[in-house]
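Coordinate analysis (summary)
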Amino acid sequence: MAKRISHQDSLCGVARPLDAIGDWWSLLIVRDAFDGLRRFGEFQKSLGLAKNILSARLRNLVAHGIMDTVPASEGRPYQEYVLTEKGRGLFLVLVALRQWGEDFFFAPEEAHVLLVDKKSSLPVRRLELRAQDGRILGPTDIVVRGS
């Protein structure tokens, strides 16, 4: 297997984070953490992932400051994994990925899970990229520049 290339020195805001979350298991672990999973065994049961792979992904997420380990909530002698502020910052990324997946990977009437507002029980609105003046922006409306 070829060695992965690090993007840690990239000027691109898409490339650099891929060192931390650039494989599907990492994003699924973060998704499960948003759903309340905290223990190694819970992640393993949810994902059906081999222990060595799960362990490596969790170590990487902790090393990149996306998750942290804390003592078990009921004082038992093991640790739990919790999202850090940096990890919670992935919320909109996961929502955007979920909405993209719903648009392009499900048939129109195919069943799938929905994100709903706890307060109203209504589906959440679509994410939108907006200009400073409030206009909705699409791919042809923006340009990437150095800072």
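Now for a description of the structure that goes with this document. Note that this is a predicted model, so its numbers are computed, not measured.

A look at the overall build of the protein chain
- Of the regular secondary structure elements, the protein chain holds six helices and two strands.
- Along the chain direction, N to C, the helices and strands of the protein chain fall in the order α-α-α-α-β-β-α-α.
- If you line up the protein chain on its principal axes, its C-alpha atoms span 55 × 45 × 30 Å.
- Taking contacts inside the protein chain between residues at least 6 apart in sequence as the whole, the part at least 24 apart equals 38%.

Observations concerning the nonpolar core
- Grouped together as the largest cluster of nonpolar side chains are 19 residues, with contacts concentrated most on Ile29, Phe43, Ile66 and Met67.
- At the level of secondary structure, the elements contributing two or more residues to this core comprise α1 (18-21), α2 (24-34), α3 (40-47), α4 (51-63) and β2 (79-83).
- When residues in this core are grouped by element, the largest group, four residues, is from α2.
- When sequence neighbours within four positions are dropped, the list of residues in contact with isoleucine 66 reads Ala20, Ile21, Val30, Leu61, Val82, Leu83, Thr84, Lys86, Gly87 and Leu90.

What about a nonpolar patch on the surface?
- On the surface, Leu97, Trp100, Phe104, Phe105 and Phe106 cluster together into a nonpolar patch covering about 560 Å² of accessible area.
- Within the element layout of this structure, phenylalanine 106 appears in the segment after α6 (91-104).
- Accessibility expressed as a relative area gives 31% for phenylalanine 106, which makes it partly exposed.

Observations regarding the packing of aromatic side chains
- Overall, the coordinates contain five aromatic pairs when judged by the stated rule.
- Here the aromatic rings of tryptophan 100 and phenylalanine 104 are separated by 6.3 Å at their centres, their planes lie at 50 degrees, and the arrangement is tilted. With tryptophan 100 and phenylalanine 104 both in helix α6 and four residues apart, the pair spans about one turn of that helix.
- Through a chain of ring-to-ring contacts, the aromatic side chains of Trp100, Phe104 and Phe105 assemble into a single cluster.

Regarding the packing of α3 against α4
- In the contact formed by α3 and α4, the axes pass within 11 Å of each other and the chain directions differ by 120 degrees. Classified by the angle their axes make, α3 and α4 are oblique. For the pair α3 and α4, the sense of crossing is right-handed. In contact with Phe40, Phe43 and Gln44 of α3, α4 contributes Lys51, Leu54, Ser55 and Leu58.
- In the contact of α3 with α4, the residues fall into four nonpolar, two polar and one charged.

Rules of the game
Residues numbered from 1 in each chain as written. Predicted model: local features only at pLDDT ≥ 70, side-chain atom pairs only at ≥ 80, totals over all residues. Heavy atoms only, no water. Helix = DSSP H or I, 4+ residues; strand = E, 2+ residues; numbered from the N terminus. Contact = heavy atoms within 4.5 Å. Core = buried A, V, L, I, M, F, W, Y, C linked by side-chain atoms within 4.5 Å. Buried < 20%, exposed > 50% of the residue type's maximum accessible area, 1.4 Å probe, protein only. Patch = residues over 30% accessible without salt bridge, like charges linked within 9 Å, V, L, I, M, F, W, Y side chains within 5 Å. Areas by Shrake-Rupley, 256 points an atom, 1.4 Å probe, with all protein chains shown as cover. Salt bridge = Lys/Arg side-chain N within 4 Å of Asp/Glu carboxyl O. Phe/Tyr/Trp six-rings, centres within 6.5 Å; stacked < 30°, edge-to-face > 60°. Axes fitted to C-alpha atoms, helices over the stretch in contact; angles between N-to-C directions. Parallel < 35°, antiparallel > 145°, perpendicular 65-115°, else oblique. Left-handed = near helix turned anticlockwise from the far one by under 90°. Nonpolar A, V, L, I, M, F, W, Y, C, P; charged D, E, K, R; others polar.

So yeah, pure geometry; function would need other evidence.
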